[in-house]
Amino acid sequence: MIERGAMQAWKTLWLALVKVLLSAILVACASTDESEEGLPTGSRTEQAFYEAAQRQLRSSQWDLAIKNLRALEDNFPFGSYAEQAQLELIYAYYRNYENDAAIASADRFIRLHPQHRNVDYAYYMKGLSSFTEGSGLFERFLPTDMTSRDPGSARESFAYFSQLMARYPESRYAPDAQKRMIHLRNLLARYEIHVANYYFKRGAYLAAANRGRYVVENFQQTPAVPDALAAMVQGYHLVEMPELEGNALAVLRTNYPNHPAFRSDGSFNYNYYKGASGRSLIHRVTLGLFEKSDPRGFDSRELYNAEYRREEAPLPPELM
């Protein structure tokens, strides 16, 4: 019995020693692992922060990259990587869909380094961050007509890109900014047509015509101009202003003779904006739940705007 007890004691001691050795090995291995920030344990130098952020940017670990870039700036505000880290922080915020933070970081960089050789990038990222504002999870996976949304972000983005073009017309980002400005201008013009169509639904015909006039005066050469002219013709007709109606009709007929509001004989269809007359079986059965009876308004995007044109839709002769 004594011998068996001694053997059991030695066995217990041996297991304890093995556990101690394994723990020591694990601790030694952990010393070469990375911390939660992606830094080598015990290494919090400026270079370590920057290299970790670079790895995380390449692997799309935006949260960790933001954490390390901010830590680098906080701990080494005058270091050799500080300015570059501030620029990359703007990008990391943008890629992480933190658009407000990206714009704030870009503003801060412009304020601190107005003469920096890459300050044009900060202006560009301000416009780009506003450009994608509102393009959240819902919009990325479900079709959403952005032209019917609040145009505030589009106006801001256009203003930011305009600043870039005015200050740095030779910037490498200028060509892309210019293309985005064209898109934004089209979007803002189309928003005004949405508002005009809304006024038609509410019976505010003069207000609808004024929205059309605003597009013609402020958004020339955009694809929304044909619908703006049609809205003017319709609105002035309904409020009995024949002279203004005739002027708008003449411009529409001369420049956009294939607008869908024209009948085959060339006359203007004053019922076009209402859509098909009568109510369908679906409308009657569902009490209008799945088919609204509101006027459809004017929307010729598929005819005049290449962004919305269906493949089978022919190009109108006036645009060929």
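Residues numbered from 1 in each chain as written. Predicted model: local features only at pLDDT ≥ 70, side-chain atom pairs only at ≥ 80, totals over all residues. Heavy atoms only, no water.

J.: Is there a simple way to think about unusual backbone geometry in this case?
T.: Outside of glycine, negative phi angles account for most residues, and trans bonds account for most peptide bonds. Positive phi values are uncommon outside glycine, yet Ser60 reaches one of about 60°. Considering the arrangement of structural elements, one finds Ser60 in the loop between helix 2 (46-58) and helix 3 (62-75). Look at Tyr97: it is not a glycine, yet its phi comes out positive at around 60°. (Helix = DSSP H or I, 4+ residues; strand = E, 2+ residues; numbered from the N terminus.)

J.: Quick question: what am I supposed to make of the packing of helix 10 (residues 205-218) against helix 11 (residues 225-238) here?
T.: Following both chains from N to C, one finds helix 10 and helix 11 inclined at 150°, their axes separated by 7 Å at the closest point. Judged by the angle between their axes, helix 10 and helix 11 are roughly antiparallel. Between helix 10 and helix 11 lies a crossing of left-handed hand. On helix 11, the residues touching Tyr205, Leu206, Ala208, Ala209, Asn210, Gly212, Arg213, Val215 and Val216 of helix 10 are Val225, Ala228, Leu229, Ala231, Met232, Gly235, Tyr236 and Leu238. Within the contact of helix 10 with helix 11, the residues separate by chemical class into 13 nonpolar, three polar and one charged. (Axes fitted to C-alpha atoms, helices over the stretch in contact; angles between N-to-C directions. Parallel < 35°, antiparallel > 145°, perpendicular 65-115°, else oblique. Left-handed = near helix turned anticlockwise from the far one by under 90°. Contact = heavy atoms within 4.5 Å. Nonpolar A, V, L, I, M, F, W, Y, C, P; charged D, E, K, R; others polar.)

J.: Explain the side chain of Ser171 here, please?
T.: On the secondary structure map, Ser171 appears in the loop between helix 8 (152-167) and helix 9 (174-202). In contact with Ser171, other than residues within four places in its own chain, are Asp120 and Leu164.

J.: What should I look at first to understand the pattern of salt bridges in this one?
T.: Side chains that differ in sign of charge can pair as their charged atoms come close. Evaluation of the coordinates by the stated rule reveals eight salt bridges. For Arg301, the salt bridge is made with Asp299, and the minimal N-O distance between the two is 2.7 Å. For Asp299, a relative accessible area of 37% gives the class partly exposed. If you follow the salt bridges from partner to partner, you end up with Arg190, Asp227, Asp299 and Arg301 in one network. (Salt bridge = Lys/Arg side-chain N within 4 Å of Asp/Glu carboxyl O. Buried < 20%, exposed > 50% of the residue type's maximum accessible area, 1.4 Å probe, protein only.)

J.: What am I meant to see in a nonpolar patch on the surface here?
T.: On the surface, Leu206, Met241 and Leu244 cluster together into a nonpolar patch covering about 220 Å² of accessible area. With a relative accessible area of 30%, Met241 lands in the partly exposed category. (Patch = residues over 30% accessible without salt bridge, like charges linked within 9 Å, V, L, I, M, F, W, Y side chains within 5 Å. Areas by Shrake-Rupley, 256 points an atom, 1.4 Å probe, with all protein chains shown as cover.)

J.: Is there a simple way to think about the packing of helix 8 against helix 9 in this case?
T.: How two helices sit against one another is set out by the angle between their axes and by the gap between those axes. Contact pair helix 8 / helix 9: the axes reach a minimum separation of 9 Å and the direction vectors enclose 150°. With respect to their mutual orientation, helix 8 and helix 9 come out roughly antiparallel. Regarding helix 8 and helix 9, the two cross each other, and that crossing is left-handed. Taking contact as the criterion, the partners of Ala154, Arg155, Ser157, Phe158, Phe161, Ser162, Leu164 and Met165 in helix 8 are, on helix 9, Ala174, Ala177, Gln178, Arg180, Met181, Leu184, Arg185, Leu187, Leu188 and Glu192.

J.: Please explain the packing of aromatic side chains as it appears in this structure.
T.: Remark: the centre distance and the inter-plane angle together describe each pair of aromatic rings, the angle taken between the planes. Taken as a whole and judged by the stated rule, the model has 17 aromatic pairs. Summarising the aromatic geometry, the rings of Tyr50 and Tyr81 are spaced 4.4 Å apart at their centres and angled 25° between planes, so their arrangement reads as stacked. Here Tyr81 lies in the loop between helix 3 and helix 4 (82-95) and Tyr50 lies in helix 2, a separation of 31 residues in the sequence. On the basis of relative accessible area, Tyr50 is assigned to the buried category, the value being 14%. Under the relative-accessibility criterion, Tyr81 is labelled partly exposed at 26%. (Phe/Tyr/Trp six-rings, centres within 6.5 Å; stacked < 30°, edge-to-face > 60°.)

J.: Please explain the environment of Tyr124 as it appears in this structure.
T.: For Tyr124, the position within the fold is in helix 6 (residues 119-131). For Tyr124, a relative accessible area of 10% gives the class buried. Tyr124 sits 18 residues away from Ala106 along the chain, and the two C-alpha atoms are 9.0 Å apart. The contact partners of Tyr124, leaving out residues within four places of it in the chain, are Phe161, Leu164, Tyr173, Asp176, Ala177 and Arg180.

J.: For this particular structure, what's the right way to read helix 10?
T.: Residues spaced three or four apart along an α-helix face the same direction, because each turn holds 3.6 residues. With 14 residues, helix 10 extends 20 Å from end C-alpha to end C-alpha; this agrees with the ideal 20 Å at 1.5 Å per step. Buried within helix 10 are the following residues: Ala208, Ala209, Gly212 and Val215. Down the axis, helix 10 shows its buried residues gathered within 115° of arc, on one side only. The inward-facing, buried residues of helix 10 contact helix 9 and helix 11. (Expected span 1.5 Å × (residues − 1). Arc of directions from axis to C-beta.)

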